[in-house]
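# Observations on the three-dimensional arrangement
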Amino acid sequence: MRQQLKLLLALAAMGAFGAAQGQSSVTVFGSIDLNFTYSKAGHASTKAMDQGGYLLPSRLGFRGMEDLGGGLAAGFWLETAVLPDTGVTQGGFGRRSTVSLMTKDLGELRLGRDYTPTFWNVSSFSPFGTVGVGGSSNIVEGWPLGLGRARTQARASNSAGYFLPRGLGGLYGQFMFAAAEGVQGAGYRGGRLGYESGPLNVAAAYGQTAVGVDDYRTVTVGGSYDFGVVKAYANHLRHRLGRERQTNALIGASVPVGAGQIRVSFARSERSGPGPGTGGTARQFAIGYAHNLSKRTTLYSAYSRINNRGNAAYVVADSSPAGVAGRRSSGLQLGVNHAF
Amino acid sequence: MRQQLKLLLALAAMGAFGAAQGQSSVTVFGSIDLNFTYSKAGHASTKAMDQGGYLLPSRLGFRGMEDLGGGLAAGFWLETAVLPDTGVTQGGFGRRSTVSLMTKDLGELRLGRDYTPTFWNVSSFSPFGTVGVGGSSNIVEGWPLGLGRARTQARASNSAGYFLPRGLGGLYGQFMFAAAEGVQGAGYRGGRLGYESGPLNVAAAYGQTAVGVDDYRTVTVGGSYDFGVVKAYANHLRHRLGRERQTNALIGASVPVGAGQIRVSFARSERSGPGPGTGGTARQFAIGYAHNLSKRTTLYSAYSRINNRGNAAYVVADSSPAGVAGRRSSGLQLGVNHAF
Amino acid sequence: MRQQLKLLLALAAMGAFGAAQGQSSVTVFGSIDLNFTYSKAGHASTKAMDQGGYLLPSRLGFRGMEDLGGGLAAGFWLETAVLPDTGVTQGGFGRRSTVSLMTKDLGELRLGRDYTPTFWNVSSFSPFGTVGVGGSSNIVEGWPLGLGRARTQARASNSAGYFLPRGLGGLYGQFMFAAAEGVQGAGYRGGRLGYESGPLNVAAAYGQTAVGVDDYRTVTVGGSYDFGVVKAYANHLRHRLGRERQTNALIGASVPVGAGQIRVSFARSERSGPGPGTGGTARQFAIGYAHNLSKRTTLYSAYSRINNRGNAAYVVADSSPAGVAGRRSSGLQLGVNHAF
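About the criteria used
- Residues numbered from 1 in each chain as written.
- Chains lettered and ligands numbered in written order.
- Predicted model: local features only at pLDDT ≥ 70, side-chain atom pairs only at ≥ 80, totals over all residues.
- Heavy atoms only, no water.
- Helix = DSSP H or I, 4+ residues; strand = E, 2+ residues; numbered from the N terminus.
- Rg over C-alpha atoms; globule rule 2.2 N^0.38 Å.
- Buried < 20%, exposed > 50% of the residue type's maximum accessible area, 1.4 Å probe, protein only.
- Least-squares fit on C-alpha atoms with pLDDT ≥ 70 in both.
- Contact = heavy atoms within 4.5 Å.
- Pairing = 2+ DSSP bridges.
- Salt bridge = Lys/Arg side-chain N within 4 Å of Asp/Glu carboxyl O.
- Polar contact = N/O pair within 3.5 Å; in protein donor to acceptor, adjacent residues only side chain to side chain.
- Nonpolar A, V, L, I, M, F, W, Y, C, P; charged D, E, K, R; others polar.
- Buried area = accessible area lost by both parts, 1.4 Å probe.
- pLDDT = per-residue confidence, 0-100.
- Core = buried A, V, L, I, M, F, W, Y, C linked by side-chain atoms within 4.5 Å.
- Patch = residues over 30% accessible without salt bridge, like charges linked within 9 Å, V, L, I, M, F, W, Y side chains within 5 Å.
- Areas by Shrake-Rupley, 256 points an atom, 1.4 Å probe, with all protein chains shown as cover.

### Details of the overall build of chain A
When helices and strands are counted, chain A shows two helices and 18 strands. Taken against the 2.2 N^0.38 rule, which gives 20 Å for 340 residues, the C-alpha radius of gyration of chain A at 22 Å falls within 12% of a compact globule. Each principal axis of the C-alpha distribution contributes one length, and for chain A these read about 75 × 45 × 40 Å. Within chain A, the proportion of its 340 residues that are buried is 55%.

Now the structure itself:
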């Protein structure tokens, strides 16, 4: 054994395997989430295998941290989207690709492609997150890009972000500046401040993106409170580009039941603007039960219904039939989520 | 050291690295297989570096299992095709992307993109598998997609599969239903039943895929028997789409010789149908020697010759010159396969 | 615990997770490098987040080695380019995808896509490597492909390489043959011989690639000497295709200062040829300071200026404005490199 080790070291010294490499501690992580979705839009219906119905879409990532001494640490994060129903991957490490420097006292500086501060409320203060038939993003116009040619509703490339340290008495925060670098609607500046203490978590965020001569602006305020027998959620989102605007509101709850949770949410959106097809309201009601087989593996079910009015034509899932203005969409989803 | 750990934990608690993650045990696996291939088709010849000549194509994957307690387990599998001669990767995790729930007594439920039941006989009951100049698939029309617009000869997307548990006295089986989801020739339903006991392994499979108004249907029966001094293989495959059909038969053997095996196979295909260019027969003879440097690393050689008749125009390798109807193709391959 | 292990083994035996796999020791490695670059070309200027400014571009890889006994070892290497500013990945494992067999006494045989022997001098004998605003490749025409339709300045696909063993009294060497396989300018044959002893490292390389009726030929000679208080670098590169040619020369130095290095280089290129726009010279001056937070994490800064003359139109960075013939380009870069 010692002999073998010596050989490998000798071969490594040969340069056979390139530059010497310090000890590495890369974590490979991700989740595979697949479900059966039956959905309707207007008079049409589809049955499909869909993915990403429980809290997060399917993904594969690589991340690590290094202690640099003196209270300083560095880290990286690369994460790709996976569609396991077909095996397709999307957009390289477009979910997140960052490098960070951080200290316990000063917070974290993070560079690369990352979530925008205005993303987090829509995701955190919703019992279904942004995904699945009950996802809070289903009636948010343009998700995950934004109104018009904006691209920054969920993520921004070429960004520099700063995160407040912990230890500020429950205060937390994220601030981001992202350069457009010649891509219309890709720049961003914004921030989020929140307060978390025991059962309470509240946060507000503001962000803006230049799109031509206009600014795409997002304001969002929300929170959650864990009463123990029930956790309540509420969020308000207003985003606009020029005279086009949408206002979204959501309330929801999750109730622990044995090894699972019952989740329910009600959301509403109202959209107005100068263009044809922009006026309309939508109401989404969703209820589901998720059963945790372990901390990593969950069986879930959800039913959701969107009542569209006016020009609104939202649907409950990617695999739904095309939305029809003013017509209802509904869907039932049964799936499994396995994190690793 | 303890101090450093505390710092990292404190930083992780800061949320610097996102959601908390349970302990993970992801296995990174795969193989790199490269070879030199000299091949001819009609009067043309090529010399090329080719890949995937020994049992499996080159690939990189990520997989893991989780014990859920009470006899239940969950697992995932993501596997991408790699062409290491040029570095190109293909189709995301298109080789396989699945999530599974399983118990020792009830078997395995597997969702995602996976091999079809009708794939396995062609691969298992061939001394060369389906790859390299001697591969059983060289004279199987349409491989790995199928006849006409069928896509399911080897794999299917959007599939739900069930695998019988072990402990049924040697009986094993796989059953699959895959939804087409709007892609012509992508749906599938089929199954495979086999029996393995000591040296004997036999299996039969049936599968069908709707293609327009027709069904693409595959029936395959085969087996292997390990006599110790020689392992014998035989397989029969019949697939058809409307009035187009092909019948394939293969017999082969592998003979352990020291740390290696001599492998030999003889296969025959006969194709008929209404369209121009569909009538023809082909005979493939292949012989090779593979030398195992370890369980993971193998040097291999193979020679193969395909005698085409009528409209048959099969070739021995991807890097061969284009096939010529009724003309012979042959090839010699020397390579290395390294699994990790 | 033992029970759980048994269950997993039983499930694995079920074939639930495919072919049995020997113990694996795959290393996941790479680096994320992001910086802020302010650059000018002629009268235009840009500010951008750019990547890969310190020694190596951002990348993610998988590699491993296996001791085969008897002094023989096998290994593999898969490495992809990552652009973490946007998350985009490029060209599969196009940075390197190889399998190797090697012994301590006989050296290494390496197959696949790899760096050409003529690449290494330009990278090794430069204080900035080939990357960032100070990179030696900024004024090398056609980098990383070569003059005209040549593709082999930095890497070649379908290659067989041989590396001399260590223990030849400081002599080292790499020889490569790569097949074009129908791609214009993709074939390669060449070699590199060097000598390293204590502070001294010198090497010369020659390579050629058929492009139509001409050969693309590269000759390069260089070295470095580590005086302790300063490490000096020099390299000379001449490459030509038919009557088009370019000659490059570089001298540089790195000076250890505490936990960092001051790096400085001066380079010159002269290009001539029959076509319009080929005549011109360029001079590049670069200076920078890199501060090592650890062996894996570095903060770096660099300033570089290229004085173009005649038709030369080189720029200091990918994110620079388009080069203008005969006009200066300059840039300032501040960044972080984190290897894992």
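Now, onward.
### Describing unusual backbone geometry
Note that the residue after Trp143(A), namely Pro144(A), is joined by a cis bond; omega there is 5°. Within the element layout of this structure, Pro144(A) appears in the loop between helix H2 (119-124) and strand E8 (155-163). With a phi angle near 50°, Asn158(A) is a residue other than glycine that sits in the positive phi range. For Asn158(A), the position within the fold is in strand E8. Backbone geometry places Glu181(C), a non-glycine residue, at a positive phi of 50°. Along the chain, the position of Glu181(C) falls in the loop between strand E9 (171-178) and strand E10 (188-197). A relative accessible area of 32% places Glu181(C) in the partly exposed class.

### Comments concerning the relation of the copies chain A and chain C
One copy of the chain maps onto the second through a rotation about an axis and a displacement along it. For the pair chain A and chain C, the relating rotation is 120°, the translation along its axis is 0.0 Å, and the fit reaches an RMSD of 0.0 Å. When the rotation and shift are considered jointly, the pair of chain copies conforms to a three-fold rotation axis. For chain A, the smallest separation between a C-alpha atom and the rotation axis is recorded for Val28(A), amounting to 5.0 Å. Take the interface residues of chain A: only 12% of them recur as interface residues in chain C, which is what a contact between different surfaces looks like.

### Looking at the pairing of strand E7 (residues 107-115) of chain A
Residues and elements named next belong to chain A. The element E7 is extensively covered by neighbouring structure, given that eight of its nine residues are classed as buried. Relative to E7, strand E6 (residues 96-103) is paired through seven bridges, and the arrangement is antiparallel. By the bridge assignment, Ser97 is partnered in E7 with Arg113. Where E7 and E8 come together, seven bridges link them in antiparallel fashion. The partner of Leu109 across the bridge, within E8, is Tyr162.

### What about the side chain of Arg271(A)?
Residue and element names in this part refer to chain A. Relative to the helices and strands, Arg271 resides in strand E15 (residues 260-272). Residue Arg271 is classed as buried on the basis of its relative accessible area of 14%. If sequence neighbours within four positions are ignored, Arg271 has contacts with Glu141, Glu244, Arg245, Gln246, Gly277, Thr278, Gly279, Gly280 and Tyr314.

### Points about the pairing of strand E12 (residues 214-226) of chain C
Residues and elements named next belong to chain C. Pairing between strand E11 (residues 200-211) and E12: twelve bridges, direction antiparallel. By the bridge assignment for E12, Leu200 is matched with Tyr225. In terms of strand pairing, E12 meets strand E13 (residues 231-241) through eleven bridges, oriented antiparallel. For Gly222, the partnering residue across the bridge sits in E13 and is Asn235. Turn length for the E12-E13 hairpin, with the two strands adjacent in sequence and antiparallel, is four residues, and the turn residue Gly228 shows positive phi of about 95°.

### Some remarks on the interface of chain A and chain C
Residue-level contacts link 40 residues of chain A with 45 residues of chain C. For the pair chain A and chain C, the number of links is zero salt bridges. Here chain A is connected to chain C by eight residue pairs in polar contact (both at pLDDT 80 or more). Put simply, the parts of the chain that give the side of chain A that touches chain C at least two residues each are helix H1 (2-13), strand E3 (59-69), strand E4 (72-83), E6, E7 and E8 of chain A. Considering only residue class, the side of chain A that touches chain C consists of 21 nonpolar, 16 polar and three charged.

### Re the interface of chain B and chain A
Contacts between the two partners involve 40 residues from chain B and, on the opposite side, 46 residues from chain A. Carbon and sulfur atoms supply 71% of the area that chain B and chain A bury against each other, a total of about 3500 Å² over both sides. At the boundary of chain B with chain A, the tally comes to zero salt bridges. Taken together, the connections running from chain B to chain A amount to eight residue pairs in polar contact (both at pLDDT 80 or more). Residue assignment for the side of chain B that touches chain A shows that the elements contributing at least two residues are helix H1 (2-13), strand E3 (59-69), strand E4 (72-83), strand E6 (96-103), strand E7 (107-115) and strand E8 (155-163) of chain B. With six residues, the single largest contributor to the side of chain B that touches chain A is H1(B). Looking at the side of chain B that touches chain A residue by residue, the class counts come to 21 nonpolar, 16 polar and three charged.

### Describing the confidence of the model for chain A
Keep in mind that low pLDDT regions are not for reading the predicted coordinates in detail. All names here are of chain A. Per-residue pLDDT for chain A has a mean of 93; in total, 93% of the residues score no lower than 70. Contacts for the low-pLDDT stretch residues 1-23, under 50 throughout, to residues beyond four places or in other chains number 39 contacts. Across the predicted assembly, pTM comes out at 0.93 and ipTM at 0.91.

### Quick word on the nonpolar core
Counting 54 residues, the largest nonpolar core has Leu60(A), Phe62(A), Leu60(B), Phe62(B), Leu60(C) and Phe62(C) as its most contacted members. Beyond its immediate sequence surroundings of up to four residues, Phe62(A) is in contact with Val26(A), Thr27(A), Val28(A), Phe29(A), Phe76(A), Trp77(A), Leu78(A), Phe93(A), Phe62(B), Val28(C), Leu60(C) and Phe62(C).

### Quick look at a nonpolar patch on the surface
All names here are of chain B. Together, Tyr38, Ile251, Val257, Ile262, Phe266, Phe285, Ile287, Tyr289, Tyr303 and Leu332 make up an exposed nonpolar region whose accessible area comes to about 810 Å². Only strand E14 (244-257), strand E15 (260-272) and strand E16 (280-292) provide two or more residues apiece to the nonpolar patch. No other element matches the three residues that E16 contributes to the nonpolar patch. Along the polypeptide, Ile251 turns up in strand E14.

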